[in-house]
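Structural characterization, general
This is what each chain is made of:
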Amino acid sequence: MTTQPASRARQVSLPAALTVRELGDLLAVSPVEIIKRLMTHGVMAAVNATIDFETAAIVAVDLGFDPQSAVPAPAAATTAIAPDEDEPDDPASLQPRSPVVTILGHVDHGKTSLLDTIRKTRVAAGEAGGITQHVGAYQVERDGHTITFIDTPGHAAFTAMRARGAQVTDIAVLVVAADDGVMPQTIEAINHALAAGVPIIIAINKMDLPGANPDRVKQQLTEHNLVVEDYGGDVIAVPVSATKGTGIDSLLESILLVAEVAELKANPNRPGNAVVIEAELDPGRGPIATVLVKNGTLRQGDAVVAGEISGKVKAMFDHRGQRMKEAGPSTPVVIMGIEAVPDAGERIRVVADEKLARQMVDDRKRRREAAEQRDHAHVNLDTLFNEISAGKLKELIIVLKADVRGSVEAIKSSLEQLSTSEVKVKIIHGGTGNVSDSDVMLAEASNGIILAFNVKTEPSAAKRADATGVDIRTYSIIYQLLENIEKALAGMYEPVYNTVIDGHAEVRQLFKSSKLGQIAGCYVLDGTLKRNLNVRVIRNKQEIARSRCEGLKRFQDDVREVQTGYECGVVLSNFDKFQSGDIIEFFHEERAN
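Residues numbered from 1 in each chain as written. Predicted model: local features only at pLDDT ≥ 70, side-chain atom pairs only at ≥ 80, totals over all residues. Heavy atoms only, no water.

1. Remarks on the overall build of the protein chain
Applied cut-off: Strands are runs of DSSP state E lasting at least 2 residues, helices are runs of H or I lasting at least 4, and numbering of each runs from the N terminus. Relative accessible area decides the class of each residue, using a 1.4 Å probe on protein chains only: under 20% of the type maximum gives buried, over 50% gives exposed, and in between gives partly exposed. Contacts are assigned to residue pairs with any non-hydrogen atoms lying within 4.5 Å of each other. Residue burial considers only the protein chains on display, and all accessible areas are found by Shrake-Rupley using a 1.4 Å probe.
Broken down by element type, the protein chain carries 16 helices and 33 strands. Across the 593 residues of the protein chain, 48% fall into the buried class. Sequence-distant contacts, at least 24 apart, represent 71% of the contacts inside the protein chain between residues at least 6 apart. Total accessible area on the protein chain is roughly 28,400 Å²; 48% of this is exposed by carbon and sulfur atoms.

Pasting the structure below:
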């Protein structure tokens, strides 16, 4: 390290994004030293990789500098952009707002039927001809009060929005069939709602069926941390029949009661702040989005930013398809005028004008590209101890999946005993069956990891985990699972890698090339040879060299791979001293859990 003592105490001005090499130049240290420091914080970055200000600042502090932002936020932007949701309003400006409700539950337990019944019997007065379009959210009235319902496909969509930082729901209504009781998806829905920290109301549906047994449902719920009022708890349970329409009024009354206790308020007199419920590309109208106004007021003509999309609200419609000029807190509206289709859960902010909106989008794109170098910053066993030591992690959140219920309970109990004074081990969901998209979304939303015991990961879930940086660890032996978590908490965890043999080739002829040196003419004995794989050169049953396959040739053509039974030319990196009869073994390393 080349840092001079006098320079270590001085301030350093860092831009919003810069390369590792540029950071080394600013701090007067070798880029290699920067890379080492980044690795200790779980960030893998090459010399020319771009990192954001926050990451660069961590390294600067490590090296004794006082990092300062080189680009202060423009004054115009701070006043033109809608305040963040977490920014407190003046209490005098707050006014009561309607509760936002999501209905969750097991498939076939009557979620859709219940929504339809509520919609038909209680939709806001004045609606002629029923619902004219499906907009993903609608409002109903009860005794002069309005309730907003979000029509989602289930807890997966509910958590997908939360994973994007969009906590849109105030109350979750959990539908449980009185004749069927608590089922696997019911448990998942409970855990997703509890993880979101929203009040839960139980709607015990299908009370009109002969096999209805509400007491059994209430008893089962106690096993999953939901104790209803009849059993001395604080969870409201309402018997209903979606097909008969009974109990609907009681359910709506319960929703209003919970909302009243929560004292839901918002400030309508500030720029709009909304969340996308769903969006699509309409062939005739272009990109349209159903949004829920969280705070402030959204108006026709407002310039808006939704993630990396900008636009202007050209038209707004309510859930009945009628035009609106403005929408206040807890109001669902369909908007037109955005430039592309945003993702569900994306936040929409009102800004001063379209020019500023485009500037913000450009800035967000640059920041995202820099942040992607941080490998999503999700909790990972490999970097867990560093996160704990840096004080960044107080809880290790775990989603646990196993083959049988007994394994879930045994592992859950053992894991919870690993909690220390520095970090608490918390299992937010334990279930049976393969790791699904829903599990990955829950881990993503909660910044947790997934432990899979004797089960597989569904392909779509593996793809989502890879894209979002969620760490999935698979085990077949309980003590190995517990040992790895314990070592990670203590900072002793070292990833284990297995060597996987991909194939063998026998050298049968030698060719000389002025550019490539000696090329080995080979016959593929077994497996598949691939370019860029690691190789061992074996002569007389002894390894004489290790290298990497730099090129494969079939006749005059460069190829990516060669199958068993074919001939090919092999070029290795830094080795060309082949002899006829040599065996070239191709292999790669895979991390073992």
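This is not the end of the story, as more comes after the structure.
2. Brief notes about the confidence of the model for the protein chain
Put simply, the rule reads: Confidence scores here are pLDDT values: one per residue, from the predictor, ranging 0 to 100.
Scored by pLDDT, the protein chain has a mean of 83; 84% of the residues are at 70 or more. Considering each helix and strand of the protein chain separately, the mean pLDDT is smallest for helix 5 (residues 75-80), with a value of 36, and largest for strand 11 (residues 236-239), with 97. The low-confidence segment residues 1-8, where pLDDT is below 50, has 17 contacts with residues more than four positions distant or belonging to other chains.

3. Side note on the sheet that holds strand 25 (residues 472-475)
Cut-off, in case you're wondering: By definition, two strands form a pair when at least two bridges between them are found by DSSP. Note on method: axes are straight lines fitted to C-alpha atoms, helices fitted across the in-contact stretch only, with angles between N-to-C directions ranging 0 to 180 degrees.
Spatially, 23-22-24-25 is the arrangement adopted by the four strands of the open sheet, whose pairing is parallel. Of all strands in the sheet, those with a lone pairing partner are strand 23 (424-432) and strand 25, marking the two edges. Recorded for the sheet is a direction-independent mean angle of 25° between the axes of neighbouring strands. Pairing of strand 22 (residues 395-402) with strand 24 (residues 449-453) involves five bridges; the strand directions are parallel. Its bridge partner being in strand 24, Leu400 is matched across the sheet by Leu451. Sitting on the sheet, helix 14 (residues 437-446) touches strand 22, strand 23, strand 24 and strand 25, and the angle it makes with strand 22 is about 175°.

4. What about the pairing of strand 29 (residues 542-554)?
Every other side chain in a regular strand lies on the same face of the sheet, so the side chains alternate between the two faces. Here strand 28 (residues 534-539) runs beside strand 29; their pairing, made up of six bridges, is antiparallel. Each residue of the ladder has a partner; that of Asn534, found in strand 29, is Arg548. Counting the residues in the hairpin turn of strand 28 and strand 29 gives two residues, including Asn540, whose phi is positive at 55°. In terms of strand pairing, strand 29 meets strand 32 (residues 567-572) through four bridges, oriented antiparallel. Looking across to strand 32, one finds that Gly551 is bridged to Val571. Looking at chain direction, strand 29 and strand 30 (residues 557-559) are connected through three bridges and run antiparallel.

5. Re the packing of helix 2 (residues 20-27) against helix 3 (residues 31-40)
Threshold: Angles are sorted into four bins: roughly parallel if under 35 degrees, roughly antiparallel if over 145, roughly perpendicular if 65 to 115, and oblique for all others. Only Asp, Glu, Lys and Arg are considered charged in this grouping, and only Ala, Val, Leu, Ile, Met, Phe, Trp, Tyr, Cys and Pro are considered nonpolar; every other residue, Gly among them, is considered polar.
Relative orientation of the contacting elements helix 2 and helix 3 amounts to 110°, with a least axis distance of 8 Å. Looking at the two axes, helix 2 sits roughly perpendicular to helix 3. Residues Val20, Arg21, Leu23, Gly24 and Leu27 of helix 2 touch helix 3, and the partners they reach there are Pro31, Ile34, Ile35 and Leu38. Its residues assigned to classes, the contact of helix 2 with helix 3 comprises seven nonpolar, one polar and one charged.

6. Side note on unusual backbone geometry
Glycine aside, a negative phi is what most residues show, and trans is what most peptide bonds show. The residue Asp143 is not glycine, and still its phi comes out positive at about 50°. Within the secondary structure layout, Asp143 lies in the loop between strand 7 (137-142) and strand 8 (145-150). The phi angle at Asn225 is positive, at roughly 65°, despite the residue not being glycine. Among the secondary structure elements, Asn225 is positioned in the loop between helix 9 (214-222) and strand 11. A relative accessible area of 66% means that Asn225 is categorised as exposed.

7. Details of the environment of Glu543
Condition: Any N or O atom pair separated by 3.5 Å or less is treated as a polar contact, with the protein-specific requirement of one donor-capable and one acceptor-capable atom, and with residues adjacent in sequence counted only for side-chain atom pairs.
Mapped onto the secondary structure, Glu543 falls in strand 29. With 39 residues separating them along the chain, Glu543 and Asp582 place their C-alpha atoms 9.9 Å apart. Within polar-contact distance, the side chain of Glu543 engages the side chain of Arg536 at 3.5 Å. A polar atom in the side chain of Glu543 sits 2.8 Å from the side chain of Arg546.

8. Overview of helix 9
Heads up, the condition is: This arc is built from the directions going out from the helix axis to the C-beta atoms.
What helix 9 keeps buried is the set Val217, Lys218, Gln220 and Leu221. For helix 9, the angular spread of the buried residues around the axis is 165°, confining them to a single face. Here the buried face of helix 9 lies against strand 9 (171-177), helix 8 (184-196), strand 10 (200-205) and strand 11.

9. Quick word on the sheet that holds strand 9
Judged by pairing direction, the sheet is mixed, and its six strands sit side by side in the order 7-8-6-9-10-11 without closing on themselves. One side of each edge strand has no neighbouring strand; the edge strands of this open sheet are strand 7 and strand 11. Here the strands of the sheet are splayed against their neighbours by 30° on average, with no regard to which way each runs. Relative to strand 11, strand 10 runs parallel, the two being bridged by four bridges. Its bridge partner lying in strand 11, Ile202 is registered against Ala237. Of the strands in this sheet, strand 6 (100-105), strand 9 and strand 10 are in contact with helix 8, which crosses strand 9 at around 165°.

10. Some remarks on the pattern of salt bridges
Our working definition: A side-chain nitrogen of Lys or Arg and a carboxyl oxygen of Asp or Glu constitute a salt bridge if their distance falls within 4 Å.
For the structure shown, the criterion picks out 21 salt bridges. With a shortest N-O distance of 3.2 Å, Asp143 and Arg142 are connected by a salt bridge. On the basis of relative accessible area, Arg142 is assigned to the buried category, the value being 7%.

11. Here we look at the state of the cysteines
The line we're drawing: Disulfides are defined as pairs of cysteine sulfur atoms found within 2.5 Å of each other.
This structure, assessed with the given rule, holds zero disulfides. Just so you know, Cys522 is unpaired, no disulfide at all, and the nearest cysteine sulfur is the one on Cys568, 5.5 Å from it. Not engaged in a disulfide, the cysteine Cys549 finds its nearest cysteine sulfur in Cys568; these two sulfurs lie 8.0 Å apart. Residue Cys549 is classed as buried on the basis of its relative accessible area, which comes to 0%.

12. Description of the nonpolar core
Quick note on the threshold: Among buried residues, those of type Ala, Val, Leu, Ile, Met, Phe, Trp, Tyr and Cys that are joined through side-chain atoms within 4.5 Å constitute a nonpolar core.
Core analysis: the largest hydrophobic core is formed by 26 residues, its most contacted members being Leu114, Ile118, Phe149, Ile201, Leu251 and Ile255. Elements with a contribution of two residues or more to this core: strand 6, helix 6 (111-122), strand 7, strand 8, strand 9, strand 10, strand 11 and helix 10 (248-262). With seven residues, the single largest contributor to this core is helix 10.

13. Quick notes on helix 3
For helix 3, every residue scored as buried is listed here: Glu33, Ile34, Ile35 and Leu38. At the N-terminal boundary of helix 3, the capping side chain belongs to Ser30, with an oxygen 3.1 Å from the backbone nitrogen of Val32.

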